[in-house]
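# Structure assessment
What follows is the residue order along each chain.
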Amino acid sequence: GAQTKRIIMASKFNVSEMKGIMAFNGFMGSKSYVEGYQFSSADTDMFAKFTGCPDAKKAPHAYRWYVHIAAISGVRGLSSGGAAAPAAPAKADKKKDKKADKKKADKKPAKKD
């Protein structure tokens, strides 16, 4: 049935090897999710096979999907900054970034006991 087809489709990528990550990267080129148009167990199953976050430069589609699924799944501990991390901001933007960071910090609600 559909369940078996999904498992075979997702499992054809051996993402413990770079070759498999690159194949998965190509597969995800025009997709947001492993199956269909919304998050499903196919994404969770595939995510579990990764030993780490794919390289953003070598496998941008796999990286985008991985970071997205991690966010949906509530996975913490990925490099903070997400997709912005690989691109270093221009010197002119550094002041702006610091102000934005301060604003973000100020917006955090104080814990009330």
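In this report, we go over the structure that sits alongside the text. (Residues numbered from 1 in each chain as written. Predicted model: local features only at pLDDT ≥ 70, side-chain atom pairs only at ≥ 80, totals over all residues. Heavy atoms only, no water.)

To continue, consider the packing of helix α2 (residues 18-27) against helix α4 (residues 60-73). Relative orientation of the contacting elements α2 and α4 amounts to 80°, with a least axis distance of 7 Å. Comparing their axes, α4 and α2 come out roughly perpendicular. Together, I21, F24 and N25 of α2 and P60, H61, A62 and W65 of α4 make up the contact between the two elements. Across the contact of α2 with α4, the residue classes break down as five nonpolar, two polar and no charged. (Axes fitted to C-alpha atoms, helices over the stretch in contact; angles between N-to-C directions. Helix = DSSP H or I, 4+ residues; strand = E, 2+ residues; numbered from the N terminus. Parallel < 35°, antiparallel > 145°, perpendicular 65-115°, else oblique. Contact = heavy atoms within 4.5 Å. Nonpolar A, V, L, I, M, F, W, Y, C, P; charged D, E, K, R; others polar.)

Here we take up the packing of helix α3 (residues 41-49) against α4. Where α3 meets α4, the axes come as close as 10 Å, and the angle between the chain directions of the two elements is 110°. Comparing the axis directions of α3 and α4 gives the class roughly perpendicular. Seen from above, α3 lies across α4 with left-handed handedness. For the pair α3 and α4, the contacting residues are D43, M46 and F47 in the first and W65, Y66, I69 and A70 in the second. In terms of residue class, the contact of α3 with α4 is built from six nonpolar, no polar and one charged. (Left-handed = near helix turned anticlockwise from the far one by under 90°.)

Bringing the environment of K49 into the picture now. Structurally, K49 is set in helix α3. Taking the C-alpha atoms as reference points, K49 and N14, 35 residues apart in sequence, are found 8.0 Å from one another.

Turning next to α3. Within α3, the full set of buried residues consists of A42, D43, M46 and F47. Viewed along the axis of α3, the buried residues span an arc of 130°, placing them on a single side of the element. (Buried < 20%, exposed > 50% of the residue type's maximum accessible area, 1.4 Å probe, protein only. Arc of directions from axis to C-beta.)

A full pass over the atoms with the stated rule returns nine aromatic pairs. Both rings, one in F47 and one in Y66, keep their centres 4.5 Å apart while their planes meet at 25°; by these two values the pair is stacked. Here F47 is found in helix α3, whereas its partner Y66 is found in helix α4, with 19 residues between them in sequence. This pair shows no difference in class: F47 is buried, exactly as Y66 is. Arranged with centres 5.6 Å apart and planes meeting at 40°, the rings of F50 and W65 form a pair that is tilted. Of the two residues, F50 is situated in the loop between α3 and α4 and W65 in helix α4; the sequence distance between them amounts to 15 residues. The two residues F50 and W65 agree in class, both being buried. Members of the aromatic cluster, each reached through a chain of ring pairs, are F13, F24, F27, F47, F50, W65 and Y66. (Phe/Tyr/Trp six-rings, centres within 6.5 Å; stacked < 30°, edge-to-face > 60°.)

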